[in-house]
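# Reading the structure
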Amino acid sequence: MAPDPYPADPYPSNACPPELRRAVVERYVARTPSSKHAHDRASHVLPGGVNRNIVHHGPHPMFVASGAGPYLTDLDGNRYLDLIGNYTAMILGNCVPQVMEAAARQLALGTAWAGATTGEAALAEMIVERLPSAELVRFAASGTEATMMALRAARAFTGRPAIAKFEGGYHGIHDFAMISVAPDPNDSGPDEAPRSVATPGIAPSATADVLVLPFNDAKSVTALIERHAHRLAAIIVEPVLANAGLLEPEPGFLPLLRDLTTKHGIVLIFDEVITLRLDYGGAQAMYGVTPDMTTLGKIIGGGYPIGGIAGRADIMNWFDPTKAGGSVTLSGTFHGAPMALAAGIETLKLFTADSIEALNGRSARLARELRAMFERASLTLSLNQVGSLLNVHAMAENVSRYRSGARGDKAFLKLLHLAMLNEGVLLSPRGLFCLSVPMDDAAVDSIRDAFGRALAALGVLGER
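Residues numbered from 1 in each chain as written. Predicted model: local features only at pLDDT ≥ 70, side-chain atom pairs only at ≥ 80, totals over all residues. Heavy atoms only, no water.

So, on to the overall build of the protein. Counting its secondary structure elements, the protein contains 16 helices and 14 strands. In terms of C-alpha radius of gyration, the protein reaches 22 Å, essentially the compact-globule figure of 23 Å for 464 residues. Judged by the C-alpha coordinates and their principal axes, the protein covers about 75 × 55 × 45 Å. For the protein, with 464 residues in total, the buried portion stands at 55%. Within the protein, contacts between residues at least 6 apart in sequence are counted, and of these 70% link residues at least 24 apart. (Helix = DSSP H or I, 4+ residues; strand = E, 2+ residues; numbered from the N terminus. Rg over C-alpha atoms; globule rule 2.2 N^0.38 Å. Buried < 20%, exposed > 50% of the residue type's maximum accessible area, 1.4 Å probe, protein only. Contact = heavy atoms within 4.5 Å.)

As structure tokens, then:
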């Protein structure tokens, strides 16, 4: 007997019969032989065969050959509606002509120098105009660097050592950020006082100086902050926790954070690397809460690497190299890279208030239609939607706290990811997805119909 080519069941979800799980995997493998070959080759020189952990999935990752508008094409010529958008970065879609032309004009002039450029102030002026919290701006090369440097400035400003973040919150891959990003709820202490859980390689000192808070638990957050305020330099939070399952703040929760941080002289940092897309002025404008600092990335670079820190002048001035008594060093070879600045300027010109309103409206329509579909499924499915961000959960409705979402059927979501790839739609293996500006009503219909076919293939909706 020939050996079984798939001896291991990659995603053993009890919600889907084994024969259907196998069929979904086998269909994906049959559609993507070139991706498998590329992954096999890469595995000889890259750990796990990938350069970004987040793009790895079983049985092998999908390798992208090109992108245009709302679509990606893989090495085998399969075309996908791109509902990840490089994890929400490609707000205007792929290869946008105006953005490409702006980058090409800069490319003809050069890509990087040890000197200032006028694009730095031009993009900063656009950010100051949009964001309620922005008085001064500095650029880095990634969102990770932006959050790292915002926290460093907060420690310099306050003279305090510790920071607070929320369980399930993701703020990049530096030590202070990689605490309790996706911890097992069974190993993370009590709900009202989560313990700091580090990923491998994180310094113990970082764990000791990070207070972990439970999102949307006003009583517990108040008690923890009151107890530790004397040590806290900053509280960093995504206004909507994307990594944790797209958790929207309950009414009054963000104002509570604003009140507590003001009372205790703690710097409130909104990580808007993802949520800037929700409103012309970001989530802070949508919710009417102004932080002291805001971290940015993704869409402000128009598809090129960038990070941004914006905030109050008295805090941001810690980055001023002429500051008496010393400053916080923020200086990298590719910080404020000219091509990223040019592409970002053009992107923000095109990402207008009208385009945001239309995009959010189409996303709301998709959410309504998916929820109606999920009601007919044999498996309990729910959907969180905020603006153009959406997240499907294989569990009960109203996922508003990290630990409830973390106990959902993660294996089913990974199967759904593969089943959707088979139907020509790319979403995240953890259930997060987003729309982009070029996705019209016909694209929304295609997404809805692909969900129907994928759920049928998994045996939880209608006939196969």
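So, next bit.
Put simply, helix α5 (residues 118-130) and helix α12 (residues 338-350) touch, their axes get as near as 9 Å, and they point 30° apart. Judged by the inter-axis angle, α5 sits roughly parallel to α12. Once α5 is placed against α12, the crossing between them reads as left-handed. The segment α5 lies against α12, with Gly 119, Glu 120, Ala 122, Leu 123, Met 126, Ile 127 and Arg 130 engaging Leu 341, Gly 344, Ile 345, Leu 348 and Lys 349. For the contact of α5 with α12, the class distribution of residues is seven nonpolar, two polar and three charged. (Axes fitted to C-alpha atoms, helices over the stretch in contact; angles between N-to-C directions. Parallel < 35°, antiparallel > 145°, perpendicular 65-115°, else oblique. Left-handed = near helix turned anticlockwise from the far one by under 90°. Nonpolar A, V, L, I, M, F, W, Y, C, P; charged D, E, K, R; others polar.)

Counting buried residues along strand β7 (residues 232-237), six of its six residues qualify, which places the element largely inside the surrounding structure. Sheet topology note: the strand β5 (residues 162-166)/β7 ladder contains three bridges and is parallel. Directly across from Ile 163, in β7, lies its bridge partner Ala 234. The pairing of β7 with strand β8 (residues 267-271) spans four bridges and is classified as parallel. (Pairing = 2+ DSSP bridges.)

For Ala 122, the location among the structural elements is in helix α5. Expressed as a C-alpha distance, the spacing of Ala 122 and Ala 342, which sit 220 residues apart in the sequence, is 9.1 Å.

This part covers the sheet that holds strand β14 (residues 432-434). Reading across from one edge, β11-β12-β14 is the order of the three strands in this open sheet, with antiparallel pairing throughout. The open sheet is flanked by β11 (382-386) and β14, the only strands paired with a single partner. Neighbour-to-neighbour, the strand axes of the sheet open up by a mean angle of 20°, direction not taken into account. Pairing analysis gives three bridges linking strand β12 (residues 389-393) to β14, with the strands arranged antiparallel. Along β14, the bridge assignment pairs Leu 389 with Cys 434. On top of the sheet, helix α13 (residues 353-374) reaches β11, β12 and β14; it is set at about 170° to β11, its chief contact.

What follows deals with unusual backbone geometry. Of note, the bond from Gly 58 into Pro 59 is cis; its omega dihedral lies within 30 degrees of zero at -10°. Inspection of the secondary structure puts Pro 59 in the loop between α2 (33-42) and β1 (64-68). Positive phi is not limited to glycine here, since Lys 298 has a value of about 50°. Secondary-structure assignment places Lys 298 in the loop between β9 (293-297) and β10 (307-311).

In this model, helix α6 (residues 143-158) (16 residues) spans 23 Å end to end at C-alpha, consistent with the 22 Å of a helix rising 1.5 Å per residue. Taken together, the buried positions of α6 are occupied by Gly 143, Thr 144, Ala 146, Thr 147, Met 149, Ala 150, Leu 151, Ala 153, Ala 154 and Arg 155. (Expected span 1.5 Å × (residues − 1).)

Relative to the 32 Å expected for 22 residues at 1.5 Å per residue, α13 spans 31 Å between its end C-alpha atoms, a close match to the ideal helical length. Those residues of α13 that fall on the buried side of the exposure criterion are Ser 355, Ile 356, Leu 359, Asn 360, Arg 362, Ser 363, Arg 365, Leu 366, Ala 367, Leu 370, Met 373 and Phe 374.

Let us now look at the sheet that holds β1. To summarise the sheet geometry, strands pair through backbone hydrogen bonds and adopt either a parallel or an antiparallel arrangement. Pairing is mixed across the open sheet formed by four strands, whose spatial order is β1-β2-β3-β13. Strands with a single pairing partner mark the edges of an open sheet, and in this sheet they are β1 and β13 (425-426). Here β1 pairs with strand β2 (residues 71-74) via four bridges, running antiparallel. Looking at β2, one finds that Val 64 is bridged to Asp 74.

Function cannot be inferred from these measures alone, as they are strictly geometric.
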